[in-house]
Every structure is written in structure tokens, then in C-alpha cells.
Amino acid sequence: MRFVYSTMHGFIHLETDGGFSHARNLDTSWSLVLDAIDRALSTWPGRARVT
């Protein structure tokens, strides 16, 4: 849970503080973050994979 919370909190904090002022699309970045979290959690060591 800490991994997910800290990733989401960091993204939101950067967004509200103007840390994403570059030209990249914010929605695309958020989608990539969610994909990365999903990939990390679905391959987390010691956990059975849920399909």
C-alpha cells in the first residue's frame, strides 16, 4: 500500500505545485504511472498473481 500511496501522492503533489509545467500531456503521464503500478504489483515477488 505504501508504494501505491506514495506514487499517487507524489504525482498529485507535483501537479498541484506546478511541477508538470513541461509540454508533455498530463493525462498520458498519469496513464503511464497507472500502467507502471499495475505492472509492478502484478509481478510483485511472493504474491500470487490474480487474473
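Refer to the structure printed above.
None of these values were measured; they are calculated from a predicted model.

Scoring rules and cut-offs
- Residues numbered from 1 in each chain as written.
- Predicted model: local features only at pLDDT ≥ 70, side-chain atom pairs only at ≥ 80, totals over all residues.
- Heavy atoms only, no water.
- Helix = DSSP H or I, 4+ residues; strand = E, 2+ residues; numbered from the N terminus.
- Buried < 20%, exposed > 50% of the residue type's maximum accessible area, 1.4 Å probe, protein only.
- Areas by Shrake-Rupley, 256 points an atom, 1.4 Å probe, with all protein chains shown as cover.
- Phe/Tyr/Trp six-rings, centres within 6.5 Å; stacked < 30°, edge-to-face > 60°.
- Axes fitted to C-alpha atoms, helices over the stretch in contact; angles between N-to-C directions.
- Parallel < 35°, antiparallel > 145°, perpendicular 65-115°, else oblique.
- Contact = heavy atoms within 4.5 Å.
- Nonpolar A, V, L, I, M, F, W, Y, C, P; charged D, E, K, R; others polar.

(A) Geometry of the overall build of the protein. A count of helices and strands for the protein gives two helices and zero strands. Put simply, the protein has 51 residues, and 10% of those count as buried. Of the roughly 4,500 Å² of accessible surface on the protein, a fraction of 57% belongs to carbon and sulfur atoms.

(B) Quick peek at the packing of aromatic side chains. Applying the stated criterion across every chain yields a total of two aromatic pairs. When the centroid spacing of 5.8 Å and the interplanar angle of 40 degrees are considered together, the rings of Phe3 and Trp44 count as tilted. Placement of Phe3 in helix H1 (residues 2-16) and of Trp44 in the segment after helix H2 (26-42) is noted, with a sequence separation of 41 residues between them. Taking the centre distance of 4.8 Å and the plane angle of 50 degrees together, the rings of Phe11 and Trp30 count as tilted. Here Trp30 lies in helix H2 and Phe11 lies in helix H1, a separation of 19 residues in the sequence. Looking at Phe11, the relative accessible area reads 9%, which means it is buried. With relative accessibility at 24%, the residue Trp30 sits in the partly exposed group.

(C) Focus on the packing of H1 against H2. Contact geometry for H1 and H2: axes closest at 11 Å, N-to-C directions at 170 degrees. Judged by the inter-axis angle, H1 sits roughly antiparallel to H2. On the side of H1, the interface is formed by Phe3, Val4, Thr7, Met8, Phe11 and Glu15, while H2 contributes Leu26, Ser29, Trp30, Val33, Ile37, Ala40 and Leu41. Split by residue class, the contact of H1 with H2 holds ten nonpolar, two polar and one charged.

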